[in-house]
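Residue-level structural notes
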Amino acid sequence: MGEDRRLAAVVALAQGMAAAHGSREAWRAAAAGACRALGGSFAALSVWERELGRLKVLVNVGELAEGEEEFPEDEAYPVHQFAEITEFLHEQWAGGGEPDAWVETAEGLAAGQPGYCHQRVAALRRRGRGCCVVAPIVLHGRAWGELYVARPAGEPVFGRADADFATVLASVVAAGIAQTERLEEARRLAYTDALTGLANRRAVDVRLEQAIERHRRDGAVVSLVVCDLNGLKRVNDTHGHAAGDRLLERFGSVLSLCGAMLPGALAARLGGDEFCLLAVGPPADQVVKAAGELCRRAAELELGDGVACGLASTEDPIGPVRSARRLFRLADAAQYRAKAERAARPVVAGRAGPDDPVMRLADEPSQEADGERRRFRGRHAP
């Protein structure tokens, strides 16, 4: 391959990874781009999982052999089967060597180091491949994994120039992986509360809109628990804001624990002393039970004065829920009612009969209670 074509292949690989949405697409773009650039028929990207002592395959692309999957769940190989991982990537490179690629064939080593690997040779033969080039991927100064490209038996064997080019491609892949990790971390932070590690209001807004759309489409039960942590201001004033932060963190842990009772539930901090649980699928009574457990555990926290919980579920008699805002207003009104009554249990919208005060409260833009004006989030929604 000429220099111009190789440069074009490098650019195409980098652009493919940059355009990917998430890690899986980036892995696929990396393997597919390297496979095309090296004229291979198959490529794989694997990560070295140090804590588990194994090389885990992230993606396979191209002509897959029997038993191979594009995104395998459990294709992994003990590190001790691959001497280059424990010796070449760690010892030789740390000692001043370079993380260069090498070539192996169904007959044994062809070009480069570190040496013959029986497992790779056996795998080539078993899958009808004639040769492979293996390129270490180094990320943040450490061995991250490897890029593997193969050709079928009967095709020209990779040469030294191919191995050198694979080394270049591996460095491009490493840069792409680093960029993907930075973007995913930025996305994670954008939807995560920094203090508690729970989801934030933005994440709730997105998930609740999706949940209501699913409810409109197929009738899925959507339940929302809105919580107000009692006594936070007192703790801040008496013990300091560090103690208040500890209370928020501890309640966040309790919320997460109780949310685990509801498969797939989202636990979030809306801001300040307000939290919520969003559940899609579980019956309303199951959500009420989880909310009751939350109230019980919150009351046992060393600091604070328990929690006021309000709940609204599309399974209860609350009328049609056509918008996320409507469900939020109902849950918020129930929470306000729980706070006003100092209720030790969750207040559930729609369960107090035709004259349910929660329903009336949700339908008012604001209400007076105990001398305080309550302003609900958003405007009145049908």
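What counts, and at which threshold
Residues numbered from 1 in each chain as written. Predicted model: local features only at pLDDT ≥ 70, side-chain atom pairs only at ≥ 80, totals over all residues. Heavy atoms only, no water. Helix = DSSP H or I, 4+ residues; strand = E, 2+ residues; numbered from the N terminus. Buried < 20%, exposed > 50% of the residue type's maximum accessible area, 1.4 Å probe, protein only. Polar contact = N/O pair within 3.5 Å; in protein donor to acceptor, adjacent residues only side chain to side chain. Expected span 1.5 Å × (residues − 1). Arc of directions from axis to C-beta. Contact = heavy atoms within 4.5 Å. Core = buried A, V, L, I, M, F, W, Y, C linked by side-chain atoms within 4.5 Å. 1 Å grid on protein atoms, 1.4 Å probe; cavity = no way out; pocket = protein on both sides within 12 Å on 5 of 7 lines; lining within 4 Å. Points joined across faces, edges and corners; volume = space filled by probe spheres on them. Nonpolar A, V, L, I, M, F, W, Y, C, P; charged D, E, K, R; others polar.

**Details of the side chain of Thr105**
- Its place among the elements puts Thr105 in strand β4 (residues 102-105).
- Judged by relative accessible area, which is 11%, Thr105 ranks as buried.
- At a separation of 2.9 Å, a polar atom in the side chain of Thr105 contacts the main-chain amide nitrogen of Glu107.

**Looking at helix α1 (residues 3-18)**
- An ideal rise of 1.5 Å per residue puts 22 Å on 16 residues; α1 measures up with 23 Å between its terminal C-alpha atoms.
- Where α1 is concerned, the buried positions are Arg6, Ala9, Val10, Leu13 and Met17. Axial view of α1: buried residues confined to an arc of 100 degrees, hence all on one face. Turned more than 90 degrees from where α1 packs its buried face, Asp4, Arg5, Leu7, Gln15 and Ala18 sit exposed.
- Buried-residue contacts for α1 involve α2 (23-37) and α5 (160-190).

**Overview of the nonpolar core**
- Among the nonpolar cores identified, the biggest contains 43 residues, and Leu45, Val133, Leu169 and Val173 are the most heavily contacted of them.
- Of all elements in the fold, only α1, α2, β1 (42-49), β2 (54-62), β6 (129-139), β7 (142-152) and α5 reach the threshold of two or more residues within this core.
- The greatest single-element share of this core, amounting to 10 residues, is contributed by α5.
- Apart from the residues within four sequence positions on either side, Val173 is in contact with Leu13, Met17, Ala30, Leu45, Ile137 and Leu147.
- Among the nonpolar cores identified, the runner-up in size contains 33 residues, and Ile212, Val222, Leu278 and Ile318 belong to it.

**Quick look at empty space enclosed by the protein**
- Under the criterion given, the structure shown has 1 cavity of 30 Å³ or more.
- Forming the walls of the largest cavity are Met17, Ala18, Ala20, Gly22, Gln179, Thr180, Leu183, Glu184 and Arg187.
- Mapped by element, the contributors of at least two residues to the lining of the largest cavity are α1 and α5.
- Per element, the largest residue contribution to the lining of the largest cavity is 5 residues, and it comes from α5.
- Taken together, the residues of the lining of the largest cavity break down into 4 nonpolar, 3 polar and 2 charged.

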